[in-house]
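# Observations on the three-dimensional arrangement
Chain residues, written in single-letter form:
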Amino acid sequence: MAAPPDLDPSSIFSEKHSRLPDDTVFYAIFPDFSLTSTAASLHSLHLQILQTLTPLTSDYIWQHQPFSLSPSPKPSCLCSNHLPHLHGHLRVGDNLDDEWFTVFLLFHISTVFPDLSIRVWDSDGEFLLIEAAFHLPRWLNPQTSSNRVFIRRGKVHIVPRHRLRNPNLAEALSFVVSFGEESVAAEAVQAAVRKRIEEYPEKARRNMHRVRVRVPAAVAQVLSQEPCLVALAVEGFYDRDIDTMKYAAKMERFLSRGREEEELVCISVKMSRAMYAQLVQQTFQAPKCYPMPNRSDSAYVEAELGMKIACGLEMMYQHRRKEGSEGKGSTWEAFRESLERSGYFGGLLPGSKEYQRLMQNAEEYYRSSASFSRASEMMSAPVRRIDEILALPYSVDDFKCVDVPPSDDDSWLYNGEDELNSELLERQKEMELYDLKHKKTQKSKEQDNVGPSSSSNSDAFNPGDIAKTMQAFVEKVSSYKGAEVPENRNLKDVDLDADCFFKDVESMMKSHGGEEGRSDDDIEEGSSSDLDFDDSEDGIDGAELSEDIEDGEDTFMHSYSDALNEELKSTTLEKSFVRANEQAPKKDEGTSNAAEDMEEDFTPVDVDVNLVKSLLDSFSSQQGLPGPASNLLGLMGLQLPQEDKKEGK
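Residues numbered from 1 in each chain as written. Predicted model: local features only at pLDDT ≥ 70, side-chain atom pairs only at ≥ 80, totals over all residues. Heavy atoms only, no water.

## Concerning helix H1 (residues 42-57)
Operational definition: Only DSSP runs of H or I reaching four residues or more are called helices, and only runs of E reaching two or more are called strands; each is numbered from the N terminus. The span one expects for a helix is its residue count, reduced by one, times 1.5 Å. Only protein chains enter the calculation, and the probe is 1.4 Å; a residue is then buried if its accessible area is under 20% of its type maximum, exposed if over 50%, and partly exposed in between. It only takes one pair of heavy atoms within 4.5 Å for two residues to be counted as in contact.
Taking 1.5 Å per residue, 16 residues should reach 22 Å; H1 reaches 22 Å between its end C-alpha atoms and fits that length. Residues of H1 that are buried include every one of Leu-42, Leu-45, His-46, Ile-49, Leu-53 and Thr-57, and no others. Where the residues of H1 are buried, they touch strand E1 (24-31), strand E2 (70-71), strand E3 (86-91), helix H2 (96-112) and strand E4 (116-122).

So, in structure tokens, the structure goes:
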């Protein structure tokens, strides 16, 4: 059967898998030999790394899936198109400790194997940079960080922009290998990341929580042989829906003897604190077929927690057995979403006859692909392992007379406010140090392109700096994102007396209260008089506008411009501009010669001189008070000297 067009189901690392899962961390390990040779030594390196990590991860219960690595010498991978490497991904869910434990493991790998360069990222991008955001260079942002951040020899490396402007992966790896001393991130960045992982692996062990539960013998047998399956049990319980709850109502696999004959046994289960919280904080009524003691019984709390684990294990088992036989799961969902994005269904309504026919064709093609067998293998693996364990002989007596340690103290679940406040205070302190550092930088930094510092001596003020600063502000500071304010301007706190401000506004409103008697007719007459262009001598014929829209627009603009020029000829505005090779008119000359020469003067206007003159006049009219001229110049880093009132200047 023909495949859907241009689509092929693949793993989560496929380039076609455009949207990354929100709760998954990705990592890739590039050995130095991958830049020059094939993947012949990749499998040997793979085994060495796994052997190194086994002592650190053997007793750890991961939230959803364990840390894993797999060789990927083939192309069309999200990590690299052509470089042989090892990669893996880890779903962390609600347990962020899994993510940072993974980062610790990657740093540990880079220390033990110094000839490796490692990348790690999630749906937020380079989250190591997010952790060290207060210590990064200003040029480094999500748009410029692509193929720049690596872990090598226990340190964070950032490829500098002045060496490689837009590096691809191979170029960045070659630079880190050859010029590692230049790419090592600043010590502040190293300290921020190191602080987050320095308590591992001890913190990973502290994150584990042991609790006593009472469960059916089948559940006790499975968890005693495979303690890590408690993660799938908690996941099945926490992510339950109406369909999977039908399996819990019957408990066919783990409660085969029935409610009357089944006896609960006491065992100790180790899980993460996040798993324990997910079980304890949810209310769940036991199925009718499940044996539960009375609420007054001292063992009720242990039995209730065990019931949630048993139901979760049942729901997970039945769901995975069904999905495994169909070969679906996350891989199928990714394939189906890629079909929808490519327009394979052509906008058909789900459930329609044609839609179902196309869906059936897609399912047949999916079953014939390699992804089907991989997905089926992954979904069925826990099911097969449970069947193998329960096929061995076991009984309730195996769990009796066994010394079960008491549950760990769970006060951390209810007393987390202090820890949260401590973390918030630490972040606040970090922000304050960042602000203090930049304030000191602003005071000591010299302004090269924007203009002289606002703290310069008033005696050294040069009016020509205004034009230069304005030109720099327009050409360099302004961008497609908008006008940005220079960082080294002199910021002063504004002290606003709100009560006094409102009193002044109220008194001003009262003083102008008499003007409210003005009629609406007068307002309308005054507001519309400036827009009556139809009666002007150079009016535009409506017939000409209808003939050609473009010619009509040009005609209107010329007429509009002529009307404005005719209006301005009777004013002194023309004489207020300083033209080239001409000095500005003195204040004492007034406007007596304004109407002497009405002929058009085609001498070009000196824009810079007029700009400086207008700003100085506006600043002088403020009489030392705040105003638009001083505000604008202050934003550009300029501070004009105040006039000496004593000398009458």
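## A few points about the packing of aromatic side chains
Formally: Any Phe, Tyr or Trp ring, taking Trp's six-membered ring, that has another such ring centre within 6.5 Å forms a pair; planes under 30 degrees apart are called stacked, those over 60 apart edge-to-face, and the others tilted. Only when the NZ atom of a Lys or the CZ atom of an Arg is both within 6 Å of the ring centre and within 35 degrees of the ring normal do we say a charge sits over the ring.
For the structure shown, the criterion picks out 13 aromatic pairs. Here the aromatic rings of Phe-101 and Tyr-200 are separated by 5.7 Å at their centres, their planes lie at 20°, and the arrangement is stacked. Of this pair, Phe-101 sits in helix H2 while Tyr-200 sits in the loop between helix H6 (187-197) and helix H7 (202-206), and the two are 99 residues apart along the sequence. Note on accessibility: Phe-101 and Tyr-200 belong to one class, buried. Measuring from ring centre to ring centre gives 5.2 Å for Phe-237 and Phe-284, while their planes differ by 85°; the resulting arrangement is edge-to-face. Here Phe-284 lies in the loop between helix H11 (273-280) and helix H12 (300-326) and Phe-237 lies in helix H9 (residues 229-238), a separation of 47 residues in the sequence. On the accessibility criterion, Phe-284 (10% relative accessible area) is buried. Positioned above the aromatic ring of Trp-121 is the side chain of Arg-119, whose terminal nitrogen or guanidinium carbon lies 4.4 Å from the ring centre.

## Overview of the side chain of His-209
Here is the rule we go by: Throughout this description, a polar contact denotes any pair of N or O atoms lying within 3.5 Å of each other; where both atoms belong to protein, one of them has to be capable of donating a hydrogen while the other can accept it, and for residues adjacent in sequence the pair is counted only when both atoms sit in side chains.
Positionally, His-209 belongs in strand E7 (residues 208-216). Of the residues examined, His-209 reaches a relative accessible area of 1% and is grouped as buried. Within the structure, His-209 has its side chain in polar contact with the side chain of Trp-412 (distance 3.5 Å). Setting aside its immediate chain neighbours within four residues, His-209 contacts Val-269, Lys-270, Met-271, Arg-273, Tyr-276, Asp-408, Asp-409, Asp-410 and Trp-412.

## A word on H11
Buried residues dominate H11, accounting for six of its eight residues. Turning to H11, its buried residues are Ala-274, Met-275, Tyr-276, Ala-277, Gln-278 and Leu-279.

## Some words on the nonpolar core
Quick note on the threshold: Residues belong to a common nonpolar core when they are buried Ala, Val, Leu, Ile, Met, Phe, Trp, Tyr or Cys residues joined through side-chain atoms within 4.5 Å.
Counting 91 residues, the largest nonpolar core has Ile-49, Phe-67, Ile-109, Phe-254, Ile-267 and Met-271 as the members making the most contacts within it. For this core, the element with the highest residue contribution is H12, accounting for 10 residues. Dropping the residues within four chain positions of it, Met-271 is found in contact with Ile-61, Asn-207, Met-208, His-209, Val-211, Val-230, Tyr-276, Leu-279 and Ile-309. One finds Ala-28, Phe-30, Val-159 and Leu-173 within the second-largest nonpolar core, a separate group that totals 13 residues.

## Some points on the pattern of salt bridges
Our working definition: By definition, a salt bridge exists where a carboxyl oxygen of Asp or Glu is found within 4 Å of a side-chain nitrogen of Lys or Arg.
Overall, the coordinates contain 17 salt bridges when judged by the stated rule. A salt bridge links Glu-182 to Arg-163, with the nearest nitrogen and oxygen atoms 2.4 Å apart. On the criterion of sequence distance, the pair formed by Glu-182 in helix H5 (residues 180-183) and Arg-163 in the loop between strand E6 (155-158) and helix H4 (169-178) is long-range, its members being 19 residues apart. Judged by its relative accessible area of 35%, Arg-163 falls in the partly exposed class. One salt bridge connects Glu-187 with Arg-194, and the closest N-O pair in it is separated by 2.8 Å. By relative accessible area, Glu-187 is classed as exposed at 52%. Through salt bridges that share partners, Asp-23, Arg-91, Glu-235 and Asp-239 make up one connected network.

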